[in-house]
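Below are the chains, spelled out letter by letter.
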Amino acid sequence: MNVLFPWLFGAIMLILVSGIFLWPLIQSRTAKKNDHRGFLIPAPLFNEEFSSELSNDIALKPPKNQSLEAELPHHYGMDRMILMVRDPHWLFAYWELTATKNEQFTNNYGPEAWSATHPVLRVYDITDVDFNGKNAIGYTDIHVSENIDNWYIQVGEPDRTFCIDLGRMFSDGRFITLLRSNTVTTPRASLSDRLDEEWMWIEGLYRSIGRFQYGISSPMIVEEHALRKGVVPLGISSPGFSRKD
Amino acid sequence: MSKGYLCLVLHAHLPYVRHPEHADFLEEKWLYEAITETYIPLIKIFDQLIEEQVKFRITITLTPPLLSMFTDPLLQERYVQHLDKLIELIDKEEGRTYGSPFHETALMYKKSFHDARSIFCDRYNRNLVSAFKKFQDLGRLEIITCGATHGYLPLMMLCPEAVRGQVKTAIDLHTRLLGRPPAGIWLPECAYAPGIDEILKENGIKFFFTDSHGILYASHRPRFGIFAPIYCPSGVAAFGRDVESSKQVWSTQEGYPGDFEYREFYRDIGYDLDQGYIGPYIHPDGIRIHTGIKYYKITGKVDLSQKEPYNHWRADEKAAQHAGNFMFNRQHQVNHLAGLMDRPPIIVAPYDAELFGHWWYEGPKWLDYLIRKIAFDQDTIEMVTPSDYLQRFPCNQVATPCSSSWGNKGYHEVWLCGANDWIYRHLHMAAEMMTKLANQHHNAGGLHRRALNQAARELLLAQSSDWAFIMSTGTMVEYAVKRTKTHILNFLRLYSEINENRIDEGHLSYLENTNNIFPDIDYSWFAPGMDLPKAASF
């Protein structure tokens, strides 16, 4: 069954797709969960991947950005956990968990283990640590629901290094890692404490700079124009404009 | 002998908007408007200054998409058609406004459109790159490069090969069109993260810019703050944006561009006049667009319907006053700083080029006055480019700049927020796939090479920070989403065709024709390298 199922699904999708392609390409906003996979069929590369995905996420709710992504594959058939820095206080993570990983977990911890556990993001502070999974300075757990595959994480700490695990937690608190992310360092949000004896900072210079504002660039023009007229011009660093209806 | 330096930087960029599939593509008009309102007016003042032997030094980024569009025969032809329609319209306007307070302004546009045509067609033979190259070769402009498609590099550092692809592709095109490799780069959105400088170093780039806090928050703490560059540990210099000179020029609320005598952006005859009259000059589907002909001044904090007629003589006086004010403030600033420093301070003032002329109609005039005043009316400040500065002061402090951008809130949120975070799942995957392709196919030839090169083009086009930016602003989102998806899907299709050795030549040719940026791209620039910085550091 395990082997047959992907092919069956592929065949059904092929039929579906040939149908979809006949529609004018205007259904992007209302596209349903399966549509974007359908579009993939012409590229058999991904056949395997999404078919294996099917078993564990067909019942999932579409993520919030689904409609925007419509025709793109949401899964690439690869276990991955990507961590990105948004600013000194926030990180963003997205991940993909394949059915294989899921099966491995079930094989190791028993058929009931998946339903007996819930997903947890474990955020490790590994500043100045050569992280081996056990030597983090500290960690925070974020209990998330089954349906999501991305998350904004408020770490609230500039200039620290982080790494996160996606894992499953048993009711007794046992945590099993499924995916581990890359490591990231949050940017500083203030002057560095490290001073250079040869190039000692000139305090008066810094005082003359005083307070300053972030974000003086084309986005600001867009905002100012919007404020001024209730009209939002399209601002890239560029011209191009449209009126808000 | 000057006491300090002013480093004016104009960042000229538009995303690659070339749509051969449709004769009237709205987004292509971004380019045509920018040519008429910004690039040609800048060229006009530079030419005039050179003719009158007025000295100036300005740094300008010409991004690879802009260079590519400037040299594209289809877009050149379409621009001429666009301009001819505009000239036809202004000829009618000359008659329509006769005897009204708008007539003078109509005549002003008439002259400026005719000048544009003669500069574009006759003086530079439709190729604006040759104008900028001329100014470079005369030592007036230092032209620097940018990411190949203005990709947002810090969010790409997960796959440093992708950043390297952006940088190498950009340098290659720049060198071919401008005759020499760029010494510096404008990091797209002024966005830096540690590690990027190593890739710049590897490719011969000597300097870049960050926003003020990129330098102020560097570690170790920089001695001179933003008034001298620092060297990254890689040896590449980083210049920080000045705080004081930013808002005066950028802001319509608090700066010069909001002056009541200046031209009002939102009263355009494309919106104001009867459909029957203006119809042939807006979009054929009846969609109203800006024509560039605007007869009113900002007037005050009043409703659009209460605006008063524009008077270009008075606006011109204001531009001269504001240039004087800007120069006075810089002199004052330099005098103050020079007392605190043991070397002349450098004031780095970067602006979007499109601010001048497009958003702020009188901007090019202001720049013209500023250059002349600096040349003749004072000797406190001297205009320099980063290369000039580094030549005079090769010894600078070593420190690591802070990850930052010039976007709202100062870091990466504009390009990583609820409206656009979904793109990275695809962009990162595609970048990795591209690296894999480049690694697996050494010295590919024929059809394979073409497909690999096109895959690289599609990846680069998907990576434009413009798409994420537009999504975050909430206007014209559909176009940005469509562009992102289209290029990723094109990439994925090529990826599987290459892997399965079944390249569809017809489709490949179609893509090569439609998305024809970077004709000389080499997919091997995306190959993995041992010497790249670890992704972990961003």
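Residues numbered from 1 in each chain as written. Chains lettered and ligands numbered in written order. Predicted model: local features only at pLDDT ≥ 70, side-chain atom pairs only at ≥ 80, totals over all residues. Heavy atoms only, no water.

Undergrad: It is not clear to me how the overall build of chain B should be interpreted in this structure. Could you clarify?
TA: The secondary structure content of chain B amounts to 19 helices and nine strands. Taking 24 Å as the expected radius of gyration for a compact globule of 538 residues, we find that chain B reaches 24 Å, a close match to that expectation. Counting only C-alpha atoms, chain B reaches 70 × 65 × 45 Å along its principal axes. Of the contacts formed within chain B by residues at least 6 apart in sequence, a portion of 79% connects residues at least 24 apart. Here chain B displays about 17500 Å² of accessible surface, and carbon together with sulfur accounts for 50% of that area. Charge separation in chain B, taken as the distance between the mean sites of 55 positive and 65 negative side-chain charges, equals 3 Å. (Helix = DSSP H or I, 4+ residues; strand = E, 2+ residues; numbered from the N terminus. Rg over C-alpha atoms; globule rule 2.2 N^0.38 Å. Contact = heavy atoms within 4.5 Å. Areas by Shrake-Rupley, 256 points an atom, 1.4 Å probe, with all protein chains shown as cover. Lys, Arg positive; Asp, Glu negative; His and termini not counted. Charge placed at Lys NZ, Arg CZ, Asp CG, Glu CD.)

Undergrad: Even after reading the chapter, I still don't get the environment of K206 of chain B, so can you show me in this structure?
TA: All names here are of chain B. Locating K206 in the fold gives a position in the loop between α7 (196-202) and β5 (207-210). Sequence separation between K206 and D303 is 97 residues, and the spatial gap between their C-alpha atoms is 49 Å. Ignoring any residue separated from it by four or fewer positions in sequence, one finds K206 in contact with A183, V236, A237 and L390.

Undergrad: Looking at this model, I keep getting lost on the sheet that holds strand β2 (residues 90-96) of chain A. Mind explaining?
TA: Neighbouring strands of a sheet are bound in pairs by backbone hydrogen bonds; such pairs are parallel or else antiparallel. Residue and element names in this part refer to chain A. Spatial ordering of the open sheet is given by β1-β2-β5, a layout of three strands whose pairing is antiparallel. Taken across any chain shown, the strands that pair with only one partner, and hence form the sheet edges, are β1 (80-85) and β5 (150-154). Neighbour-to-neighbour, the strand axes of the sheet open up by a mean angle of 20°, direction not taken into account. (Pairing = 2+ DSSP bridges. Axes fitted to C-alpha atoms, helices over the stretch in contact; angles between N-to-C directions.)

Undergrad: Please clarify how the packing of aromatic side chains should be interpreted in this entry.
TA: Each pair of aromatic rings is reported with the distance of its centres and the angle of its planes. All names here are of chain B. All chains considered together, the criterion is met by 54 aromatic pairs over all chains. Where Y109 meets Y295, the ring centres are 6.4 Å apart and the plane angle is 70°; that geometry is what we call edge-to-face. On the criterion of sequence distance, the pair formed by Y109 in helix α4 (residues 103-123) and Y295 in the loop between α11 (275-278) and α12 (312-338) is long-range, its members being 186 residues apart. A residue is classified by how much of its surface remains accessible, and Y109, at 1% relative accessible area, is buried. On the basis of an interplanar angle of 90° and a centroid distance of 5.4 Å, the ring pair of W250 and W406 is categorised as edge-to-face. Taken together, the residues span a long stretch of sequence, with W250 in helix α9 (residues 244-250) and W406 in the loop between α14 (386-392) and α15 (422-440) at a distance of 156 residues. W406 carries the same exposure label as W250, and that label is buried. The ring centre of Y296 lies 4.0 Å from the NZ or CZ of R267, which sits over that ring. Between R330 and the ring centre of F326, over which it is positioned, the NZ or CZ distance is 4.6 Å. (Phe/Tyr/Trp six-rings, centres within 6.5 Å; stacked < 30°, edge-to-face > 60°. Buried < 20%, exposed > 50% of the residue type's maximum accessible area, 1.4 Å probe, protein only. Lys NZ or Arg CZ within 6 Å of the ring centre and 35° of its normal.)

Undergrad: Got a minute to help me understand the pattern of salt bridges in this structure?
TA: Where charged atoms of side chains with opposite charge meet at close range, the side chains can pair. Scanning the entire structure with this criterion turns up 49 salt bridges over all chains. Taking the shortest distance from any N to any O, the salt bridge between K111 of chain B and D115 of chain B comes out at 2.8 Å. Taken together, the residues K111 of chain B and D115 of chain B, both in helix α4 and four residues apart, mark about one turn of the helix. You can call K111 of chain B exposed: its relative accessible area is 52%. The residue R241 of chain B makes a salt bridge to D211 of chain B at a minimum N-O spacing of 2.9 Å. Of the two residues, R241 of chain B is situated in the loop between β7 (237-240) and α9 and D211 of chain B in the loop between β5 and α8 (212-216); the sequence distance between them amounts to 30 residues. Each member of the pair, R241 of chain B as well as D211 of chain B, is classed as buried. What you see here is one network of salt bridges that share partners, running through R86 and D87 of chain A together with K409 and E413 of chain B. (Salt bridge = Lys/Arg side-chain N within 4 Å of Asp/Glu carboxyl O.)

Undergrad: In this structure, what is going on with the interface of chain B and chain A? I would like to understand it.
TA: Size of an interface, as often reported, equals the accessible area lost when the parts are brought together. If you look at the interface, chain B gives 96 residues, while chain A gives 87 residues. The junction of chain B with chain A conceals about 8500 Å² of combined surface from both sides, 64% of it contributed by carbon and sulfur atoms. Interface area lost by chain B to chain A is led by R221, Y266 and R425 of chain B, which between them contribute 12%. For the interface between chain B and chain A, the tally reads three salt bridges. Residues R86 of chain A and E413 of chain B are paired through a salt bridge, measuring 3.5 Å at the closest nitrogen-oxygen approach. Taken together, the links from chain B to chain A amount to 26 residue pairs in polar contact (both at pLDDT 80 or more). Only α1 (28-51), α8, α9, α12, α15, α17 (465-473) and α18 (477-499) of chain B provide two or more residues apiece to the side of chain B that touches chain A. Along the lines of polarity and charge, the residues of the side of chain B that touches chain A split into 48 nonpolar, 27 polar and 21 charged. (Buried area = accessible area lost by both parts, 1.4 Å probe. Polar contact = N/O pair within 3.5 Å; in protein donor to acceptor, adjacent residues only side chain to side chain. Nonpolar A, V, L, I, M, F, W, Y, C, P; charged D, E, K, R; others polar.)

Undergrad: Sorry, what's going on with the packing of α1 of chain B against helix α3 (residues 73-96) of chain B here?
TA: Residue and element names in this part refer to chain B. Running from N to C, α1 and α3 cross one another at 70°; their axes reach a closest spacing of 10 Å. Overall, the two elements α1 and α3 adopt an arrangement that is roughly perpendicular. Each of E28, K29, L31, Y32, I35, T36 and I40 in α1 lies in contact with α3, whose residues at this interface are L75, R78, Y79, H82, L83 and L86. When the residues that make up the contact of α1 with α3 are grouped by side-chain class, the tally is eight nonpolar, two polar and three charged. (Parallel < 35°, antiparallel > 145°, perpendicular 65-115°, else oblique.)

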